[in-house]
Amino acid sequence: MSAAESKELIRRYFAAIDAGCSEGNSQIVEEFLAPDFVEHNPFPGIAPTRDGWKEAFEHFAATAPGRHVIEELVAEDDMVVGRITAYGTHRGDLFGIPATGKDFQVTGIAMWRIRDGKIVEHWHQTDQVGLMQQLGVLPQD
């Protein structure tokens, strides 16, 4: 795939995730992630596989539904890097944090490796401290 095609895949992926979140449809993950997908930064208690990513999707859709904004994407060879902002509402037990009803905004950087039109690897770093502060788990400095 060209760099432009790889970036478009990621744009379509986020559009599908956001639509799937509002519908509670985790099956969309299979359209974008290869069967041998590997998550290099899995969430607590979630397997680093495509099935694990579907479980994470279902967890977030139920406990913190929201949307994503792609701030920037850069692509080279089989890699895409993006700066993403996620917006949501904390409506359920999010990895042990009881629902607060608070809206939140989390920024992060993610990398995806693409093969044959599917995502095969994913890395991400997000502002978890900022999220915890917004949810009232950690004090705001």
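The structure this text deals with has already been given above.
Residues numbered from 1 in each chain as written. Predicted model: local features only at pLDDT ≥ 70, side-chain atom pairs only at ≥ 80, totals over all residues. Heavy atoms only, no water.

## Some remarks on the overall build of the protein chain
Selection criterion: Runs of H or I in DSSP of at least four residues are treated as helices and runs of E of at least two as strands, each being numbered from the N terminus. Radius of gyration here uses only the C-alpha atoms, and the compact-globule reference equals 2.2 Å multiplied by the residue count raised to the power 0.38. Contacts were defined at the residue level, with two residues in contact if any of their heavy atoms lie within 4.5 Å. Only the protein chains shown count as covering a residue, and every accessible area follows the Shrake-Rupley method with a 1.4 Å probe. Positive charges come from Lys and Arg alone, negative charges from Asp and Glu alone, with His and the N- and C-terminal ends not counted. Lys charges are placed at NZ, Arg charges at CZ, Asp charges at CG and Glu charges at CD.
Of regular secondary structure, the protein chain possesses 4 helices and 5 strands. Starting at the N terminus and walking to the C terminus, you meet the elements of the protein chain as α-α-β-α-β-β-β-β-α. Against the globule reference of 14 Å for 141 residues, the protein chain gives a C-alpha radius of gyration of 15 Å, in line with a compact fold. Structurally, the protein chain occupies a C-alpha span of about 45 × 30 × 25 Å along its principal axes. When contacts within the protein chain are restricted to residue pairs at least 6 apart in sequence, long-range pairs at least 24 apart make up 54% of them. By element, 52% of the accessible surface of the protein chain is carried by carbon and sulfur atoms, the whole surface being about 7,400 Å². On the protein chain, the mean spot of the 12 positive side-chain charges and the mean spot of the 22 negative ones are 3 Å from each other.

## So, a nonpolar patch on the surface
Which entries qualify depends on this criterion: The patch calculation keeps residues exceeding 30% relative accessible area without a salt bridge and links them within 9 Å when they carry like charges or within 5 Å when they are nonpolar (Val, Leu, Ile, Met, Phe, Trp, Tyr). Should a side-chain nitrogen of Lys or Arg be within 4 Å of a carboxyl oxygen of Asp or Glu, the pair is scored as a salt bridge. Note on classification: 1.4 Å probe, protein chains only; a residue is buried when its accessible area is under 20% of the maximum for its type, exposed when over 50%, partly exposed between these limits.
On the surface, Val 74, Val 81, Ile 109 and Met 111 cluster together into a nonpolar patch covering about 300 Å² of accessible area. With respect to the element layout, Ile 109 can be found in strand S4 (residues 103-115). The class for Ile 109 is partly exposed, based on a relative accessible area of 43%.

## Quick look at the side chain of Arg 50
Along the chain, Arg 50 falls in helix H3 (residues 50-63). The side chain of Arg 50 sits in the buried core without any salt bridge; Glu 30 is the nearest counter-charge, 4.6 Å away. Setting aside residues no more than four positions away along its own chain, Arg 50 makes contact with Val 29, Glu 30, Leu 33, Ala 34, Pro 35 and Phe 37.

## Brief notes about the sheet that holds S4
Put simply, the rule reads: The pairing criterion for strands is at least two bridges between them, as found by DSSP. Lines fitted to C-alpha atoms define the axes here, with helix axes fitted over just the stretch in contact, and angles between the N-to-C directions of these axes take values from 0 to 180 degrees.
Across the sheet, 5 strands lie side by side as S1-S5-S4-S3-S2; this open sheet has mixed pairing. In this open sheet, the two edge strands, each paired with only one partner strand, are strand S1 (33-39) and strand S2 (66-76). Ignoring which end each strand starts from, the neighbouring axes of this sheet average 25° apart. Pairing of S1 with strand S5 (residues 118-126), which is carried by 3 bridges, proceeds in the parallel orientation. Bridging across to S5, Glu 39 finds its partner in His 122. Along the sheet, helix H1 (residues 3-23) makes contact with S1, S2, strand S3 (79-89), S4 and S5, crossing S2 at roughly 170°. Contacts from H3 reach S1, S3 and S5 within the one sheet, and its direction differs from that of S1 by about 75°.

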